[in-house]
Amino acid sequence: MTAAGFGARLAAAVAARGPLCAGVDPHPALLRSWGLSVDAAGLERFALTATEALAPRVSVLKPQSAFFEAHGPAGVEVLRRVVELGRQAGALVLLDVKRGDIGSTMAAYTSAYLAGTGPLAADAVTLSPYLGFGSLGEALDTARAEGRGVFVLARTSNPEAAALQNARLADGRTVAQSIVDDAAGRNAGMAPGGDVGVVVGATVPAGELDLTALNGPVLAPGFGAQGATAHDLRRVFGEGLPGVLPASSRDILRYGPDIAALAEAVARAQDSLME
Ligand SMILES: O=c1ccn([C@@H]2O[C@H](COP(=O)(O)O)[C@@H](O)[C@H]2O)c(=O)[nH]1
């Protein structure tokens, strides 16, 4: 458990290092382009090099669990080390696992990622609300008690998402807006901001969502490799990007394995967000 809430920890990290969230996504194609074998040894080299280059420079480091799980127990052990080393380097580690299940099973995911000092306990995780926002209750309660955060999928960056997430509920709101509103309800009154963030892609059309009452962070993937620019981020989220964490993985990682080149890619992305 940490003394400060996740909202305060994130605000301090962003004030010190800016809002960029850098992803550690060990795609097989990236391992090959770094001259590495597509196996657990190549994964380890890739992930630890990326963590060494990125974690000291960004507020949030986001390892994508799927690429580690693909290598079995050895891959999950590398993920554990990325979480540990990322935190030691001063980044908040947001584990991108997109978990969501019935409440009783969510209890097990909660104990894996959000409770105590387990091997995969991170500063925050991504969660899927598509078994109902209420099914995430235990994860949200535990995160708050532990000073950790969650980012709930609302309007994701992929082109297939719109039909489901922009579908209308009986009250006229979109499914995505209802997720944002549920998150806002959990964050109400928290200062300097709540611990329930939402995921809204940098690729989505402007004006789809009302984020004004959220009082929490917005993870905005799609910046970089999926085509969204700093200009798009401002168009979707407004000037100054209040509370927004633009997330980029492949567009930074393609500059490896040279640490200096990776660091320059981070600096370029950070500069573009300041223009
Ligand atoms: O809506 C979403 C939610 C999560 N992601 C994840 O972010 C990164 C994006 O990687 P890039 O290489 O910068 O495209 C990846 O881990 C996704 O699983 C997302 O893209 N969109």
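Conventions adopted
Residues numbered from 1 in each chain as written. Predicted model: local features only at pLDDT ≥ 70, side-chain atom pairs only at ≥ 80, totals over all residues. Heavy atoms only, no water. UniProt positions renumbered as here; feature names shortened; annotations may be inferred. Helix = DSSP H or I, 4+ residues; strand = E, 2+ residues; numbered from the N terminus. Rg over C-alpha atoms; globule rule 2.2 N^0.38 Å. Buried < 20%, exposed > 50% of the residue type's maximum accessible area, 1.4 Å probe, protein only. Contact = heavy atoms within 4.5 Å. Areas by Shrake-Rupley, 256 points an atom, 1.4 Å probe, with all protein chains shown as cover. Lys, Arg positive; Asp, Glu negative; His and termini not counted. Charge placed at Lys NZ, Arg CZ, Asp CG, Glu CD. Phe/Tyr/Trp six-rings, centres within 6.5 Å; stacked < 30°, edge-to-face > 60°. Lys NZ or Arg CZ within 6 Å of the ring centre and 35° of its normal. Core = buried A, V, L, I, M, F, W, Y, C linked by side-chain atoms within 4.5 Å. Salt bridge = Lys/Arg side-chain N within 4 Å of Asp/Glu carboxyl O.

Looking at an unreviewed UniProt entry, the protein carries the name Orotidine 5'-phosphate decarboxylase, with the source organism given as Amycolatopsis antarctica. Quoted verbatim from the Sequence similarities (unreviewed entry) field of the UniProt record, the comment on the protein reads "Belongs to the OMP decarboxylase family. Type 2 subfamily."

A. Spatial organisation of the overall build of the protein. Secondary structure assignment for the protein yields twelve helices and eight strands. Taking 275 residues into account, the globule formula puts the C-alpha radius of gyration at 19 Å, and the protein, at 18 Å, falls close to it. Projected onto its principal axes, the C-alpha coordinates of the protein cover approximately 55 × 40 × 35 Å. Expressed as a percentage of the 275 residues in the protein, the buried residues total 53%. When contacts within the protein are restricted to residue pairs at least 6 apart in sequence, long-range pairs at least 24 apart make up 71% of them. As displayed, the protein offers around 11100 Å² of accessible surface, 56% of which is attributable to carbon and sulfur atoms. Between the mean site of the 22 positive side-chain charges and the mean site of the 27 negative ones, the protein shows a separation of 2 Å.

B. Summary view of unusual backbone geometry. In this structure, P192 follows A191 across a cis peptide bond, with omega equal to 5°. The topology assignment puts P192 in the loop between α9 (175-187) and β6 (196-200). The linkage connecting G256 with the following residue, P257, adopts the cis geometry, with an omega of 10°. When you line up the elements, P257 lands in the loop between α11 (250-253) and α12 (259-274). One non-glycine residue, N215, lies in positive phi territory at about 55°. As for its placement among the helices and strands, N215 is situated in the loop between β6 and β7 (218-221). For L241, which is not glycine, the phi dihedral falls at a positive 45°. Under the relative-accessibility criterion, L241 is labelled buried at 8%.

C. The arrangement of the packing of aromatic side chains in detail. Going through the model one piece at a time under the given rule, you end up with three aromatic pairs. Pairing F6 with F151 gives two aromatic rings, centres 6.1 Å apart and planes at 85°, and the pair type is edge-to-face. With F6 in helix α1 (residues 6-17) and F151 in strand β5 (residues 149-155), this residue pair connects regions lying 145 residues apart in the sequence. Ring geometry for Y109 versus Y113: centroids 6.4 Å apart, planes at 20°, classification stacked. Of this pair, Y109 and Y113 are both found in helix α6 (residues 103-113), four residues apart, which corresponds to roughly one turn of the helix. Positioned over the ring face of Y255 is R268, at 4.8 Å from the centre of the ring.

D. Fine view of the nonpolar core. Within the largest apolar cluster, 69 residues are counted, with the highest numbers of intra-cluster contacts made by L54, V150, L233 and F237. If one sorts the elements of this core by residue count, helix α3 (residues 40-54) sits on top with seven residues. When neighbours within four sequence positions are excluded, L233 is seen to be in contact with A202, A220, F223, G238, L241, V244, P246 and L273.

E. Local environment of the pattern of salt bridges. In total, this model carries 16 salt bridges according to the counting rule given. A salt bridge links R99 to E69, with the shortest nitrogen-to-oxygen separation between them at 3.3 Å. Remark: E69 occurs in helix α4 (residues 65-69) and R99 occurs in strand β3 (residues 92-99); sequence separation between them is 30 residues. For R99, a relative accessible area of 17% corresponds to the buried category. Note on E69: relative accessible area 37%, which makes it partly exposed. Between D123 and R87 there is a salt bridge; the shortest N-O distance is 2.9 Å. In this pair, D123 sits in the loop between α6 and β4 (124-127) while R87 sits in helix α5 (residues 72-88), placing the two residues 36 residues apart along the sequence. Overall, D123 belongs to the buried group, its relative accessible area being 2%.

F. Inspection of the side chain of N187 at higher detail. Tracing the sequence through the fold places N187 in helix α9. When its relative accessible area of 0% is taken as the criterion, N187 is described as buried. Leaving out residues up to four positions away in the same chain, N187 has contacts with R144, G194, D195, V196, L214, N215 and G216.

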